Every structure is written in structure tokens, then in C-alpha cells.
Amino acid sequence: MGFYDDFKKAFQDIVAPEIKAIYREIGIVRSEIKRLDEKIDSDMARLDEKIDLVKNELLAEIRRQDAEIRGQGDIMVAELKRIDNELRLLREMKDRTEEIEQLKERISALEARIAA
């Protein structure tokens, strides 16, 4: 047997089985990576669904709060208009009261002139 035959036999007996074992381990690692990728994809899809659910719930709550705030704003505007109308009426009453007082003074002055 020559050197080539000895080397070939040693390679087949020692190195080739190691290379095959490494390839098997690479195959196992690839399978595990594929399984983990699928699990990650599945978990990410579930997470996306949960995020969308929470987002939709938050948007619904924001819309509800916005409608409530707008409703309260409408109530406040109506109340302010009512108060403004009452103030306007009070100003008109004050003006009329002042006019009545002026008329009373004029009547008193006329009565005094007539009595004299």
C-alpha cells in the first residue's frame, strides 16, 4: 500500500465521518433555526394582532372622549350664551331703571313747578 492509499483510507476512516457528522449537525442546526424562525413569525403575528387590538381600543376610547369633550363644550357654549343673554337683559333693565329715575326726577320737577 502506498502513501496515497494510506492517506485515502485515513481520510475515509477519520475525516470523512467527522465531515458527515458536521453536515448532520449543520442540518440539525438549520432545522432548529427554521423552527425558531417559524415560531418567531408566529409570535410576531400574534403580537401584531394584539397591538392592533390595543390600538383600536385606544382609538375608540379617544373618539369617545373626544365626543364627550365636544358635548361638554357644546353645553358650556350654550350656558355662556344663556348667561350673556341674562347679562344683556340686566343691562337693559338697568338702562330702563335709569330712564325711569330720570323720568321721576322730571315729574318731581314739573310737580314742584306746578305747585309753586
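Since the model is a prediction, treat every value here as computed from it, not as a measurement. (Residues numbered from 1 in each chain as written. Predicted model: local features only at pLDDT ≥ 70, side-chain atom pairs only at ≥ 80, totals over all residues. Heavy atoms only, no water.)

**Quick notes on the environment of L110**
So, point 1. Counting through the fold element by element, L110 comes out in helix α1 (residues 3–115).
So, point 2. The exposure class of L110 is partly exposed, given its relative accessible area of 47%.
So, point 3. Along the backbone, L110 and K55 are 55 residues apart, and their C-alpha atoms lie at a distance of 81 Å. (Helix = DSSP H or I, 4+ residues; strand = E, 2+ residues; numbered from the N terminus. Buried < 20%, exposed > 50% of the residue type's maximum accessible area, 1.4 Å probe, protein only.)

**Topic: the pattern of salt bridges**
So, point 1. Evaluated as defined, the whole model comprises 13 salt bridges.
So, point 2. One salt bridge connects R46 with D43, and the closest N-O pair in it is separated by 3.2 Å. One end of the pair is R46 and the other is D43, both in helix α1 and three residues apart, which spans about a single turn.
So, point 3. Take D43: its relative accessible area is 27%, and that puts it in the partly exposed class.
So, point 4. Of the charged contacts in the structure, one is a salt bridge between R88 and E92, with a shortest N-O distance of 3.1 Å. (Salt bridge = Lys/Arg side-chain N within 4 Å of Asp/Glu carboxyl O.)

**Some thoughts on a nonpolar patch on the surface**
So, point 1. Taken together, the side chains of F3, F7, F11, I14, V15, I19, I22, Y23 and I26 present a nonpolar region at the surface, about 920 Å² in accessible area.
So, point 2. Structurally, F11 is set in helix α1.
So, point 3. By relative accessible area, F11 is classed as partly exposed at 36%. (Patch = residues over 30% accessible without salt bridge, like charges linked within 9 Å, V, L, I, M, F, W, Y side chains within 5 Å. Areas by Shrake-Rupley, 256 points an atom, 1.4 Å probe, with all protein chains shown as cover.)

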